[in-house]
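Chain by chain, the residues:
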Amino acid sequence: MPIVESEVRWVGAPKLGFWDQLYIPAVVDGLKTTLGHLFRKKITEQYPEQEPKLPSNYRGVHRLNRDETGRVKCVACYMCATACPAHCIDIIAAPSPPEWTGREKYPETFVIDELRCIYCGMCEEACPVDAIELTTLYDLTGLSREEMVFDKEKLLSVFDTTVKAGTDPVRSSAGTLGPASEPPK
């Protein structure tokens, strides 16, 4: 059904005055912002001597969780790789060993390219068994691109490190309304 011509309202470009054409109001607004920041209290973080205080829901480096028996929790369902908008997760599934009861398959390889990742948390949300989580680690670096591609062993070592240090993500022990509703500790 076509639109009736009487219902169409045409909008023209606004007319700029003389001062607007010279951009003087825009320059004055910019100078006000700059001067406002110039006289504010300065905040300087003394990193690395002083560790920054990060919010409890900070999303840092990934980890691959283990179950109670020490096996990788992932069931190789590809949900995290499918949900990832950056396409930085690669999984190759294999049939699980016969002694792993109650599980059809497991990830033979599980690789995350941390440089390509945008740390959105979609993989964490998509995982049906809570096998992948984003930790509060933020200072993990590498000297080459290859060092920042985390394989299954490195992701499991991040799990071991965070469990040993007691810095599990807040999301793994969320309350009834989720981690954002909980008061800071």
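A brief structural summary. (Residues numbered from 1 in each chain as written. Predicted model: local features only at pLDDT ≥ 70, side-chain atom pairs only at ≥ 80, totals over all residues. Heavy atoms only, no water.)

**Re the sheet that holds strand β3 (residues 105–113)**
Okay, step 1: What the 3 strands build is an open sheet, ordered β2-β3-β5; its pairing is antiparallel. For this open sheet the edge positions go to β2 (89–95) and β5 (149–150), each flanked by a neighbour on one side alone.
Okay, step 2: Bridge count for β3 against β5 is 2 bridges, and the pairing is antiparallel. Of the residues in β5, the one forming a bridge with I112 is F150.
Okay, step 3: Sheet contacts for helix α5 (residues 152–165): β3 and β5; angle to β3, the most-contacted strand, approximately 85°. (Pairing = 2+ DSSP bridges. Helix = DSSP H or I, 4+ residues; strand = E, 2+ residues; numbered from the N terminus. Contact = heavy atoms within 4.5 Å. Axes fitted to C-alpha atoms, helices over the stretch in contact; angles between N-to-C directions.)

**Concerning the environment of S157**
Okay, step 1: In this structure, S157 sits in helix α5.
Okay, step 2: On the accessibility criterion, S157 (32% relative accessible area) is partly exposed.
Okay, step 3: Linking S157 and N65, residues 92 residues apart in sequence, is a C-alpha distance of 9.6 Å.
Okay, step 4: There is a polar contact of 2.7 Å between the side chain of S157 and the backbone oxygen of K154. (Buried < 20%, exposed > 50% of the residue type's maximum accessible area, 1.4 Å probe, protein only. Polar contact = N/O pair within 3.5 Å; in protein donor to acceptor, adjacent residues only side chain to side chain.)

**Some details on the side chain of R63**
Okay, step 1: Locating R63 in the fold gives a position in strand β1 (residues 62–64).
Okay, step 2: Only 2.8 Å separates the side chain of R63 from the side chain of E133, close enough to count as a polar contact.
Okay, step 3: A polar contact is formed between the side chain of R63 and the side chain of T162, at a distance of 2.7 Å.
Okay, step 4: If we skip the residues at most four places from it in the chain, R63 touches A131, I132, E133, T135, L155, V158, F159, T162, V163, D168 and P169.

**Observations concerning empty space enclosed by the protein**
Okay, step 1: A complete count under the given rule lists 2 cavities of 30 Å³ or more for this structure.
Okay, step 2: Space inside the largest cavity adds up to approximately 80 Å³.
Okay, step 3: Surrounding the largest cavity, 15 residues form its lining, C74, C77, C80, C127 and A131 being those nearest its centre.
Okay, step 4: In terms of residue class, the lining of the largest cavity is built from 15 nonpolar, no polar and no charged.
Okay, step 5: If you go around the second largest cavity, the residues you meet are H62, C84, P85, A86, C88, I89, C117, I118, C120, G121, M122 and C123.
Okay, step 6: Taken together, the residues of the lining of the second largest cavity sort by class into 10 nonpolar, 2 polar and no charged. (1 Å grid on protein atoms, 1.4 Å probe; cavity = no way out; pocket = protein on both sides within 12 Å on 5 of 7 lines; lining within 4 Å. Points joined across faces, edges and corners; volume = space filled by probe spheres on them. Nonpolar A, V, L, I, M, F, W, Y, C, P; charged D, E, K, R; others polar.)

Taken by themselves, the reported measurements are silent on function.
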